Amino acid sequence: MTGAKQGEGEEERVTLDLLKKKMDKFAKERDWEKFHSPRNLLLAMVGEVGELSEIFQWKGEVPKGLPDWKEEEKIHLGEELSDVLLYLIRLSDVCGIDLDKAALRKIELNALKYPVNLCKGSSNKYNNCNNNNNNSSSSAAD
């Protein structure tokens, strides 16, 4: 991922650590750290998830790549996704959680919970994964 301008023609590599530092600086410059308790950040993030959900509300199933969406809709979606991501990063920082390591660990745990030989092609929850005939809408990220 790239995007942050560094110098002439160069782009800074975007990482979770870079975003964490930028969010910390942003809060400090505005003296907002006193408002950034875990609870407040979580509730703010939930509010942003609600705004993100509104974008998809009433659209039915949407194909990957959003081929029928206007450019303004995609820009708005990017802004709301970014709000959720930035609050998540800020929350993890304030809680002292290394989100990079936690996310990688969670992927490893999910791989153990959802072994390919039992779960391939099934959306069942891990405790029903070996029953591939009954696909549900559960998510493998639970």
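Just so you know, these numbers come straight off a predicted model, no measurement behind them.

**Student:** Would you explain the overall build of the protein in this entry?
**Tutor:** Counting its regular elements, the protein contains five helices and two strands. In the protein, the succession of helices and strands from N to C terminus is β-β-α-α-α-α-α. In the protein, buried positions account for 19% of the 142 residues. Considering only contacts within the protein whose residues lie at least 6 apart along the sequence, 43% involve residues at least 24 apart. Total accessible area on the protein stands at roughly 10,700 Å², and carbon and sulfur atoms take up 54% of it.

**Student:** When you look at the environment of L88 in this model, what are you seeing that I'm missing?
**Tutor:** Mapped onto the elements of the fold, L88 is located in helix 3 (residues 71-94). Taking the C-alpha atoms as reference points, L88 and K20, separated by 68 residues in sequence, lie 9.7 Å from one another. Each residue touching L88, except ones within four places of it in the same chain, is listed here: M45 and L99.

**Student:** Whenever I open this one, a nonpolar patch on the surface confuses me. Can you help?
**Tutor:** A cluster of nonpolar side chains, contributed by F26, W32 and F35, occupies part of the molecular surface with about 300 Å² of accessible area. Tracing the sequence through the fold places W32 in the loop between helix 1 (16-29) and helix 2 (38-56).

**Student:** How should I be thinking about the nonpolar core in this particular structure?
**Tutor:** Generally speaking, nonpolar side chains in soluble globular proteins are found buried as a group. L41, M45, L52, I55, L66, W69, L77, V84 and L91 form the largest nonpolar core, which has nine residues in total. Counting residues per element, the ones that place at least two in this core are helix 2 and helix 3. In terms of residue count, the dominant contributor to this core is helix 2 (four residues). For L52, the residues in contact, after removing those within four places along its chain, are L77, E80, L81 and V84.

**Student:** How do you make sense of the pattern of salt bridges when you look at a structure like this?
**Tutor:** Two side chains carrying opposite charge are able to pair once their charged atoms lie near each other. Scanning all chains against the criterion turns up 10 salt bridges. For K25, the salt bridge goes to E29, with nearest N and O atoms at 3.8 Å. Note that K25 and E29 are positioned in helix 1 at a spacing of four residues, about one turn of the helix. Across the pair, E29 and K25 agree in class, each one exposed. Taking the shortest distance from any N to any O, the salt bridge between R90 and D93 comes out at 3.7 Å. Residue R90 and its partner D93 are located together in helix 3, separated by three residues, close to a single helical turn. Linked by salt bridges that have partners in common, D24, K28, R90 and D93 make up one network.

**Student:** I tried to follow the environment of L42 on my own but got confused; where do I start?
**Tutor:** By the secondary structure assignment, L42 is in helix 2. Of the residues examined, L42 reaches a relative accessible area of 38% and is grouped as partly exposed. It is 7.5 Å that separates the C-alpha atoms of L42 and Y87, two residues lying 45 residues apart in sequence.

**Student:** How should I be thinking about the environment of L112 in this particular structure?
**Tutor:** With respect to the helices and strands, L112 occurs in helix 4 (residues 99-113). Among the residues examined, L112 registers a relative accessible area of 69% and is labelled exposed. Sequence separation between L112 and Y126 is 14 residues; the distance between their C-alpha atoms is 9.7 Å.

The rules behind the values
Residues numbered from 1 in each chain as written. Predicted model: local features only at pLDDT ≥ 70, side-chain atom pairs only at ≥ 80, totals over all residues. Heavy atoms only, no water. Helix = DSSP H or I, 4+ residues; strand = E, 2+ residues; numbered from the N terminus. Buried < 20%, exposed > 50% of the residue type's maximum accessible area, 1.4 Å probe, protein only. Contact = heavy atoms within 4.5 Å. Areas by Shrake-Rupley, 256 points an atom, 1.4 Å probe, with all protein chains shown as cover. Patch = residues over 30% accessible without salt bridge, like charges linked within 9 Å, V, L, I, M, F, W, Y side chains within 5 Å. Salt bridge = Lys/Arg side-chain N within 4 Å of Asp/Glu carboxyl O. Core = buried A, V, L, I, M, F, W, Y, C linked by side-chain atoms within 4.5 Å.

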